[in-house]
Amino acid sequence: MSLAERYLADDEQLVYVTRQHWTEMVSEFIALSLVWLVAGALIWGLPTEESWGSIGILIVLGLALIATVKYWLIPLLKWRSKLYILTTKRIYKRSGFLTKTSRSIPLARVNDVAFKATLWERMMRYGTLTVQSASEQGAMTMRHVPQPEWFKGEINRAVDEERGRQYGGGYYG
(Lines give C-alpha, C1' and ligand atoms only; values in the text may rest on other atoms or scores of the structure.)
Protein backbone atom coordinates (compact mmCIF):
# COMPACT_ATOMS: atom_id res chain seq x y z
CA MET A 1 0.00 0.00 0.00
CA SER A 2 1.34 3.41 -1.01
CA LEU A 3 1.68 6.10 1.64
CA ALA A 4 -1.30 7.95 0.12
CA GLU A 5 -3.65 5.07 -0.72
CA ARG A 6 -5.13 5.03 2.77
CA TYR A 7 -6.68 8.45 2.09
CA LEU A 8 -8.48 7.41 -1.09
CA ALA A 9 -12.21 6.93 -1.34
CA ASP A 10 -13.59 3.79 -2.99
CA ASP A 11 -14.30 5.51 -6.32
CA GLU A 12 -10.96 7.30 -6.78
CA GLN A 13 -7.51 6.27 -7.90
CA LEU A 14 -4.14 7.73 -7.09
CA VAL A 15 -2.63 9.82 -9.89
CA TYR A 16 0.39 11.37 -8.15
CA VAL A 17 1.76 11.88 -4.66
CA THR A 18 4.76 13.92 -3.54
CA ARG A 19 6.33 15.61 -0.55
CA GLN A 20 7.93 18.99 -0.37
CA HIS A 21 11.28 19.25 -2.13
CA TRP A 22 14.34 18.13 -0.15
CA THR A 23 15.71 21.68 -0.13
CA GLU A 24 13.09 22.45 2.53
CA MET A 25 15.38 20.59 4.96
CA VAL A 26 18.71 22.24 4.07
CA SER A 27 18.58 24.87 6.85
CA GLU A 28 17.68 22.17 9.38
CA PHE A 29 20.68 20.09 8.29
CA ILE A 30 22.93 23.13 8.67
CA ALA A 31 21.49 23.71 12.17
CA LEU A 32 22.14 20.05 13.04
CA SER A 33 25.74 20.33 11.86
CA LEU A 34 26.31 23.54 13.81
CA VAL A 35 24.82 22.08 17.01
CA TRP A 36 27.18 19.13 16.91
CA LEU A 37 30.20 21.22 15.87
CA VAL A 38 29.62 23.54 18.83
CA ALA A 39 29.03 20.57 21.14
CA GLY A 40 32.25 18.93 19.93
CA ALA A 41 34.22 22.16 20.44
CA LEU A 42 32.80 22.58 23.95
CA ILE A 43 33.57 18.97 24.87
CA TRP A 44 37.08 19.31 23.45
CA GLY A 45 37.62 22.46 25.55
CA LEU A 46 36.41 20.96 28.82
CA PRO A 47 39.03 19.67 31.20
CA THR A 48 38.73 15.91 31.68
CA GLU A 49 40.98 15.76 34.75
CA GLU A 50 38.58 17.83 36.84
CA SER A 51 35.73 16.08 38.63
CA TRP A 52 33.19 18.41 37.06
CA GLY A 53 34.56 17.81 33.55
CA SER A 54 32.60 14.57 33.02
CA ILE A 55 29.43 16.24 34.30
CA GLY A 56 30.06 19.13 31.90
CA ILE A 57 30.41 16.67 29.02
CA LEU A 58 27.09 15.06 29.91
CA ILE A 59 25.42 18.49 30.13
CA VAL A 60 26.80 19.52 26.72
CA LEU A 61 25.69 16.21 25.16
CA GLY A 62 22.23 16.55 26.73
CA LEU A 63 21.82 20.10 25.44
CA ALA A 64 23.03 19.03 21.98
CA LEU A 65 20.52 16.20 21.97
CA ILE A 66 17.68 18.55 22.96
CA ALA A 67 18.73 21.01 20.23
CA THR A 68 18.89 18.14 17.72
CA VAL A 69 15.33 17.13 18.52
CA LYS A 70 14.04 20.70 18.36
CA TYR A 71 15.92 21.98 15.30
CA TRP A 72 16.24 18.81 13.20
CA LEU A 73 14.04 15.88 14.24
CA ILE A 74 10.76 17.78 14.65
CA PRO A 75 11.18 19.66 11.33
CA LEU A 76 12.13 16.37 9.65
CA LEU A 77 8.97 14.70 10.93
CA LYS A 78 6.88 17.67 9.77
CA TRP A 79 8.50 17.50 6.33
CA ARG A 80 7.93 13.74 6.06
CA SER A 81 4.29 14.11 7.03
CA LYS A 82 3.40 16.81 4.48
CA LEU A 83 1.92 15.22 1.36
CA TYR A 84 0.48 16.63 -1.84
CA ILE A 85 -1.87 14.07 -3.38
CA LEU A 86 -3.64 14.13 -6.74
CA THR A 87 -6.35 11.56 -7.37
CA THR A 88 -8.91 11.08 -10.11
CA LYS A 89 -11.42 13.04 -7.97
CA ARG A 90 -9.52 15.50 -5.74
CA ILE A 91 -6.37 17.34 -4.78
CA TYR A 92 -5.27 16.78 -1.18
CA LYS A 93 -2.83 18.63 1.02
CA ARG A 94 -2.11 16.73 4.23
CA SER A 95 0.33 17.62 6.98
CA GLY A 96 1.19 17.05 10.62
CA PHE A 97 2.57 14.17 12.62
CA LEU A 98 0.89 14.91 15.97
CA THR A 99 -1.78 17.39 14.94
CA LYS A 100 -3.08 16.41 11.51
CA THR A 101 -4.48 18.91 9.04
CA SER A 102 -6.01 18.18 5.69
CA ARG A 103 -7.48 20.16 2.85
CA SER A 104 -8.97 18.83 -0.34
CA ILE A 105 -10.48 20.38 -3.42
CA PRO A 106 -12.70 18.34 -5.73
CA LEU A 107 -11.33 18.49 -9.26
CA ALA A 108 -14.72 19.61 -10.58
CA ARG A 109 -14.38 22.80 -8.47
CA VAL A 110 -10.90 23.78 -9.67
CA ASN A 111 -10.97 27.10 -11.52
CA ASP A 112 -7.29 27.79 -12.09
CA VAL A 113 -3.87 26.28 -11.41
CA ALA A 114 -0.82 28.54 -11.35
CA PHE A 115 2.79 27.96 -10.49
CA LYS A 116 5.63 30.25 -9.52
CA ALA A 117 9.32 29.42 -9.49
CA THR A 118 12.20 31.84 -8.99
CA LEU A 119 15.47 31.33 -10.85
CA TRP A 120 16.92 29.40 -7.89
CA GLU A 121 13.78 27.29 -7.58
CA ARG A 122 13.89 26.51 -11.32
CA MET A 123 17.52 25.42 -11.01
CA MET A 124 16.61 23.18 -8.07
CA ARG A 125 13.39 22.02 -9.82
CA TYR A 126 10.77 23.09 -7.31
CA GLY A 127 8.25 25.88 -6.93
CA THR A 128 4.89 26.96 -5.57
CA LEU A 129 1.54 25.82 -6.95
CA THR A 130 -1.66 27.73 -6.31
CA VAL A 131 -4.97 26.00 -7.00
CA GLN A 132 -7.99 28.31 -7.17
CA SER A 133 -11.33 26.72 -6.46
CA ALA A 134 -14.97 27.67 -6.63
CA SER A 135 -15.43 27.23 -2.88
CA GLU A 136 -15.58 29.38 0.22
CA GLN A 137 -12.04 28.42 1.19
CA GLY A 138 -10.55 29.87 -1.99
CA ALA A 139 -7.03 28.97 -3.02
CA MET A 140 -4.83 26.10 -1.88
CA THR A 141 -1.13 26.95 -1.91
CA MET A 142 1.42 24.15 -2.12
CA ARG A 143 4.97 25.30 -1.42
CA HIS A 144 8.26 23.63 -2.40
CA VAL A 145 6.57 21.26 -4.85
CA PRO A 146 9.01 19.20 -6.93
CA GLN A 147 8.54 19.72 -10.69
CA PRO A 148 5.70 22.28 -10.33
CA GLU A 149 5.11 22.83 -14.05
CA TRP A 150 4.70 19.09 -14.65
CA PHE A 151 2.43 18.75 -11.58
CA LYS A 152 0.34 21.70 -12.83
CA GLY A 153 -0.10 19.89 -16.15
CA GLU A 154 -1.14 16.69 -14.35
CA ILE A 155 -3.72 18.62 -12.32
CA ASN A 156 -5.12 20.26 -15.47
CA ARG A 157 -5.29 16.88 -17.24
CA ALA A 158 -7.07 15.30 -14.24
CA VAL A 159 -9.50 18.26 -14.06
CA ASP A 160 -10.32 17.88 -17.78
CA GLU A 161 -10.87 14.13 -17.39
CA GLU A 162 -13.13 14.62 -14.35
CA ARG A 163 -15.19 17.27 -16.11
CA GLY A 164 -15.40 15.01 -19.17
CA ARG A 165 -16.80 12.22 -16.97
CA GLN A 166 -19.27 14.58 -15.30
CA TYR A 167 -20.52 16.21 -18.50
CA GLY A 168 -20.47 13.08 -20.66
CA GLY A 169 -17.76 14.15 -23.06
CA GLY A 170 -14.85 16.50 -23.41
CA TYR A 171 -14.64 19.70 -21.41
CA TYR A 172 -14.41 22.80 -23.54
CA GLY A 173 -14.64 25.50 -20.87
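Refer to the structure printed above.
Residues numbered from 1 in each chain as written. Predicted model: local features only at pLDDT ≥ 70, side-chain atom pairs only at ≥ 80, totals over all residues. Heavy atoms only, no water.

> Where do I start with a nonpolar patch on the surface in this structure?
There is a patch of nonpolar side chains on the surface, built from W36, L58, L61, L65, V69, L73, I74, L77, F97 and L98 and spanning about 870 Å² of accessible area. A total of seven residues in the nonpolar patch trace back to one element, the largest contributor, which is helix α2 (residues 51-81). Looking at the secondary structure, you find L58 in helix α2. (Patch = residues over 30% accessible without salt bridge, like charges linked within 9 Å, V, L, I, M, F, W, Y side chains within 5 Å. Areas by Shrake-Rupley, 256 points an atom, 1.4 Å probe, with all protein chains shown as cover. Salt bridge = Lys/Arg side-chain N within 4 Å of Asp/Glu carboxyl O. Helix = DSSP H or I, 4+ residues; strand = E, 2+ residues; numbered from the N terminus.)

> Whenever I open this one, the nonpolar core confuses me. Can you help?
Grouped burial of nonpolar side chains is what soluble globular proteins tend to show. Within the largest apolar cluster, 17 residues are counted, with the highest numbers of intra-cluster contacts made by L86, I91, V131, M142, F151 and I155. Those elements that provide at least two residues to this core are β2 (83-87), β5 (110-116), β6 (126-133), β7 (140-146) and α4 (148-167). Counting residues per element, this core draws most heavily on α4, which supplies four residues. If sequence neighbours within four positions are ignored, I155 has contacts with L86, I91, V113, L129, V131 and M142. Counting residues in hydrophobic clusters, the runner-up holds six residues, among them V35, A39, V60 and A64. (Core = buried A, V, L, I, M, F, W, Y, C linked by side-chain atoms within 4.5 Å. Buried < 20%, exposed > 50% of the residue type's maximum accessible area, 1.4 Å probe, protein only. Contact = heavy atoms within 4.5 Å.)

That's the geometry; what it means functionally is another story.
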